[in-house]
Amino acid sequence: MTKTIELIFDFVSPNAYLVWQPLRELAARQGAQIKITPAFLGGMHKLTGNAPPFIRDAEVKGKNEYANLEMNRFIAKHGLTRFRMNAKFPFNPVNLLRMLIALDGDNQIRFIEALVTAIWEDGLDVSDAGAVAAVLTAAGFDAEALAAKTQDPVIKQALIDNTEQAVARGTFGIPTFYVGTEMFFGKERLEQIEAMLAGG
């Protein structure tokens, strides 16, 4: 039976970028497949009462500073030195998520690979449709067809459903992972996920 790591994913989370390559490496080591579930983090926050840490913890002395320290440790550990905070953060990822839903399997993986690099290394402005289309075309996608899919009512509803269902399962932030029914939150849980897969 194939091992599966389900990733609840949204492009707007810098931690989704940071965890992406280490997760792919983990999956390769463990012979596991990654199942992508696109979900809208902004909608998730509304449904759960959660908020981005930099906002939620702004009044807690030292907490955001420590979170930044841990992020830099993670970057150093995994060699993610090309990471740059996107100048447009926080941006609206909804159209990218709808495009992602319109794809499946390996195409979802390729789509994420192209976009997380462009957004979090090269500073892509996701509100610039032409710039997004150029990145997608370079990665071998039909950018015009994917853009059209963002207006498909079925795909729009799928993103809403994914977000609501993720929250119903206990998800409150990005990245969240599921291995079977076990939930793991945050990029710092990769070692726990790998231990579970190795023991299974």
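Because the structure is a prediction, the values reported are computed rather than measured.

**Q** Which parts of the structure should I look at to understand the packing of helix α5 (residues 94-102) against helix α9 (residues 153-168)?
**A** Geometrically, a packed helix pair is captured by the angle between its two axes and the distance between the axes. In contact at an axis separation of 9 Å, α5 and α9 are set at 100° when each is read in the N-to-C sense. Taken together, the axes of α5 and α9 lie roughly perpendicular to each other. Residues V94, L97, R98, I101 and A102 of α5 form the contact with α9, whose own contacting residues are I155, K156, A158, L159 and N162.

**Q** What's the story with the environment of G170 in this structure? I'm lost.
**A** If you trace the backbone, G170 turns up in the loop between α9 and β3 (176-179). With relative accessibility at 33%, the residue G170 sits in the partly exposed group. The sequence separation of G170 and F83 amounts to 87 residues, and the corresponding C-alpha distance is 29 Å. If we skip the residues at most four places from it in the chain, G170 touches Y178 and M183.

**Q** Please clarify how the nonpolar core should be interpreted in this entry.
**A** When a protein is soluble and globular, its nonpolar side chains tend to lie buried together. By size, the foremost hydrophobic cluster in this structure holds 60 residues, and its most contacted members are F11 and F111. Looking at this core, the element that brings in the most residues is helix α6 (residues 105-120), giving nine residues. The residues contacting F11, other than those within four sequence positions of it, are F91, P93, L96, L97, L100, F111, I112, L115, V116, I119 and W120.

**Q** When you look at the packing of helix α1 (residues 14-30) against helix α4 (residues 63-78) in this model, what are you seeing that I'm missing?
**A** Following both chains from N to C, one finds α1 and α4 inclined at 30°, their axes separated by 11 Å at the closest point. Remark: the crossing between α1 and α4 carries left-handed chirality. Of the residues in α4, those touching α1 at L18, V19 and P22 are M71, F74, I75 and H78. For the contact of α1 with α4, a count of residues per class yields six nonpolar, one polar and no charged.

**Q** Whenever I open this one, the side chain of T176 confuses me. Can you help?
**A** Counting through the fold element by element, T176 comes out in strand β3. The class of T176 is buried, set by a relative accessible area of 0%. Here the side chain of T176 touches G173 through a polar contact of 2.7 Å, landing on its backbone oxygen. Beyond its immediate stretch of four places on either side in the chain, T176 contacts E6, L7, I8, T171, M183, F184 and F185.

**Q** What's the story with the environment of L97 in this structure? I'm lost.
**A** Looking at the secondary structure, you find L97 in helix α5. What L97 contacts, discounting residues up to four positions off in sequence, is F9, D10, F11, P38, A39, F40 and L159.

**Q** In this structure, what is going on with the pairing of strand β4 (residues 182-185)? I would like to understand it.
**A** Residues in a regular strand point their side chains to alternate faces of the sheet. In this sheet, β4 lies alongside β3 in antiparallel orientation, the contact comprising four bridges. When the bridges of β4 are listed, V179 appears paired with E182. Here β3 folds back onto β4, and the loop between the two strands holds two residues, one of which, G180, carries a positive phi near 65°.

**Q** How do you make sense of the sheet that holds β3 when you look at a structure like this?
**A** Note on sheets: strands pair through backbone hydrogen bonds, and any given pair is parallel or antiparallel. Reading across from one edge, β2-β1-β3-β4 is the order of the four strands in this open sheet, with mixed pairing throughout. Of all strands in the sheet, those with a lone pairing partner are β2 (32-38) and β4, marking the two edges. On average, each strand axis in the sheet is tilted by 25° relative to the strand beside it, whichever way the strands run. Looking at chain direction, strand β1 (residues 3-9) and β3 are connected through three bridges and run antiparallel. Across the sheet, E6 pairs through a bridge with Y178, a residue of β3. On top of the sheet, α1 reaches β1, β2 and β3; it is set at about 175° to β1, its chief contact. Packing against the sheet, helix α10 (residues 190-199) makes contact with β1, β2, β3 and β4, and its axis sits at approximately 10° to β3.

**Q** Before we go on, may I ask you to explain the pattern of salt bridges in this structure?
**A** Working definition: two side chains of opposite charge can pair if their charged atoms are close together. By the definition in use, this model includes eight salt bridges. Its salt-bridge partner being E6, residue R169 comes within 2.8 Å of it at the nearest N-O pair. Pair noted here: R169 is in the loop between α9 and β3 and E6 is in strand β1, with a separation of 163 residues, a long-range link. We classify E6 as buried; its relative accessible area is 9%. Linked through salt bridges whose partners overlap, the residues forming this network are R82, E121 and D122.

Thresholds applied
Residues numbered from 1 in each chain as written. Predicted model: local features only at pLDDT ≥ 70, side-chain atom pairs only at ≥ 80, totals over all residues. Heavy atoms only, no water. Axes fitted to C-alpha atoms, helices over the stretch in contact; angles between N-to-C directions. Helix = DSSP H or I, 4+ residues; strand = E, 2+ residues; numbered from the N terminus. Parallel < 35°, antiparallel > 145°, perpendicular 65-115°, else oblique. Contact = heavy atoms within 4.5 Å. Buried < 20%, exposed > 50% of the residue type's maximum accessible area, 1.4 Å probe, protein only. Core = buried A, V, L, I, M, F, W, Y, C linked by side-chain atoms within 4.5 Å. Left-handed = near helix turned anticlockwise from the far one by under 90°. Nonpolar A, V, L, I, M, F, W, Y, C, P; charged D, E, K, R; others polar. Polar contact = N/O pair within 3.5 Å; in protein donor to acceptor, adjacent residues only side chain to side chain. Pairing = 2+ DSSP bridges. Salt bridge = Lys/Arg side-chain N within 4 Å of Asp/Glu carboxyl O.

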